[in-house]
Amino acid sequence: MTAELLPACPPAANQEHSRRLAWLRERMRLLRLDAVAVASPEAVYYLTGLDHHGYFAFTLLVVPLRGDLALVTREMERSTVRAQVPHCKHVPFGDGTDPATAAALAIAAAAAPHGRVGTEDAAMFFPPAIHSRIRQALPDREWLDATPLLSQAMAVKSTIEVEHMRTAAALSDAAMAAGIATAGTGVGEHDVAAAVQHTMVSGGGQQPGFVPMIRPLRLLDQEHVSWAQRPLEPGTGLFVELSGCHLRYHAPLSRTVYIGRLPDSAARAHAVALAGWHAALAALRPGVLTGEVYAAWQRATGVPTPRHHCGYLVGIGFPPSWVGGGEVLGIRPGGQVAVTAGMTFHLMSWVPGHVVSDTVLVTERGAEPLTNTPRELKVVS
């Protein structure tokens, strides 16, 4: 098996990708890494711009300290690779063959014996069995976990990325408005979902990394279930969480609306949730620790049983996640991560009986909401 070097072209798809590769390679030089291999679709997209759904089969991008990038994919993705990332060498594997063989070939070309190779160990799409066989095929390399390199790079958004986030936020706001306008007595949860999905797609958005989550408040603690064919009943609170997607960037938000009339304690729950959201927003600024932001939220809400977070980093996402993988930086109790300008968070205030959340951008002056659906108490007929 040999790598296919596609037609000559610039060393990266555009200046943004060139900048990202230069940043990564400088960190590689400091860590004495000869190559970095990434498997998450988010990291591959971040470094190359490859945007497709073929990552369900094993995909690996190999970044050498110098020279051409190599992309290991299933053979049938050849045309997509040629069209979208012609600056990458293509190392295909056929159905029924071991992708670890192709991956080892690509890594061996980038890192000579006794070289140091960083791999994205935390990626959901890097199966341990394939990872193990790659190492067995290249026993004379030194292996390190390069996951922090990529997560550090992707945490802070560039000017171009912020504009993508703003576009995603506009899609999110439009979809939320459509969902709220559709909700009403006797309307099915699935009808709300249909309105949301139609608005996101017809507005020019891509398939988001995660489906909208639409359910009555009595199911609020089932945090990742979605809609059903249940009619909305008077006095019911409805939780809606969604994100538009633009060029794979996401800007989630959630709102709680009430059908027909307010249930007991709804006004109080809304006030507490909103106070917590404003407190977290005010605390979110460059230099503070994530744990300090969480503490500000908890003081404002007085929630006796702490939640696991009151927000998390968001940006590039591919199904099945809009947060870029199974593990993400959250605003958690005692968090020691310093907040930096350019970070974008899904800032959440989740209390018993009400939820409000928005995507916010950390600027040098503080935090700016990117999603702006009205946050006042809402009752629909």
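Residues numbered from 1 in each chain as written. Predicted model: local features only at pLDDT ≥ 70, side-chain atom pairs only at ≥ 80, totals over all residues. Heavy atoms only, no water.

## Things to note about empty space enclosed by the protein
Line of reasoning, step 1. Counted under the stated rule, the structure contains 1 cavity of 30 Å³ or more.
Line of reasoning, step 2. Its boundaries defined by the atoms lining it, the largest cavity holds a volume of some 50 Å³.
Line of reasoning, step 3. Along the walls of the largest cavity sit Ala39, Ser40, Pro41, Val44, Leu50, His52, Tyr55, Thr59 and Phe318, which together make up its complete lining.
Line of reasoning, step 4. A breakdown of the residues in the lining of the largest cavity according to their chemical character gives 6 nonpolar, 3 polar and no charged. (1 Å grid on protein atoms, 1.4 Å probe; cavity = no way out; pocket = protein on both sides within 12 Å on 5 of 7 lines; lining within 4 Å. Points joined across faces, edges and corners; volume = space filled by probe spheres on them. Nonpolar A, V, L, I, M, F, W, Y, C, P; charged D, E, K, R; others polar.)

## Brief notes about the packing of helix H4 (residues 99-110) against helix H5 (residues 128-137)
Line of reasoning, step 1. Between H4 and H5, whose axes approach to 9 Å, the crossing angle comes to 50 degrees. By the angle between their directions, the pair H4 and H5 is classed as oblique. Like other packed secondary-structure pairs, H4 and H5 cross with a definite hand, here right-handed. From H4, Pro99, Ala100, Ala103, Ala104 and Ile107 reach across to H5, where they touch Ile130, Arg133, Ile134 and Ala137.
Line of reasoning, step 2. Class assignment of the residues belonging to the contact of H4 with H5 gives a composition of 8 nonpolar, no polar and 1 charged. (Axes fitted to C-alpha atoms, helices over the stretch in contact; angles between N-to-C directions. Helix = DSSP H or I, 4+ residues; strand = E, 2+ residues; numbered from the N terminus. Parallel < 35°, antiparallel > 145°, perpendicular 65-115°, else oblique. Left-handed = near helix turned anticlockwise from the far one by under 90°. Contact = heavy atoms within 4.5 Å.)

## Some points on the UniProt feature "domain: Creatinase N-terminal" (unreviewed entry) in the protein
Line of reasoning, step 1. Using the residue numbers shown here, the UniProt feature "domain: Creatinase N-terminal" (unreviewed entry) corresponds to residues 20-151.
Line of reasoning, step 2. Helix makes up 40% of residues 20-151 and strand 20%, whereas the separation of the span's terminal C-alpha atoms amounts to 12 Å. (UniProt positions renumbered as here; feature names shortened; annotations may be inferred.)

## Observations regarding the pattern of salt bridges
Line of reasoning, step 1. Here the structure, examined in full by the defined rule, presents 15 salt bridges.
Line of reasoning, step 2. The closest approach of N and O atoms between Glu26 and Arg29, which form a salt bridge, is 2.6 Å. Linking Glu26 with Arg29, this pair stays in helix H1 (residues 15-30), spanning 3 residues, or about one helical turn.
Line of reasoning, step 3. Close ionic contact of Glu142 with Arg116 constitutes a salt bridge, the shortest N to O distance being 2.9 Å. With a gap of 26 residues between them, Glu142 in strand S7 (residues 142-145) and Arg116 in strand S6 (residues 116-119) connect regions that are remote in the sequence.
Line of reasoning, step 4. Members of the salt-bridge network, linked through shared partners, are Glu16, Arg19, Arg20 and Glu161. (Salt bridge = Lys/Arg side-chain N within 4 Å of Asp/Glu carboxyl O.)

## What about the domain arrangement of the protein?
Line of reasoning, step 1. Along its sequence, the protein is organised into domain 1 (11-154) and domain 2 (159-379).
Line of reasoning, step 2. With centres defined by C-alpha atoms, the gap from domain 1 to domain 2 works out at 33 Å.
Line of reasoning, step 3. Contacts between the two partners involve 15 residues from domain 1, matched on the other side by 16 residues from domain 2.
Line of reasoning, step 4. Both sides together, the interface formed by domain 1 and domain 2 hides about 1200 Å², and carbon and sulfur atoms give 60% of it.
Line of reasoning, step 5. Of all residues in domain 1, Glu42, Tyr45 and Met124 give up the largest surface area on contact with domain 2, accounting jointly for 42% of the area buried on that side.
Line of reasoning, step 6. In this structure, Arg20 and Glu161 form a salt bridge, with 3.6 Å as the shortest nitrogen-oxygen distance.
Line of reasoning, step 7. Counting every contact that joins domain 1 to domain 2 gives 5 residue pairs in polar contact (both at pLDDT 80 or more). (Domains from an automatic or database assignment. Buried area = accessible area lost by both parts, 1.4 Å probe. Polar contact = N/O pair within 3.5 Å; in protein donor to acceptor, adjacent residues only side chain to side chain.)

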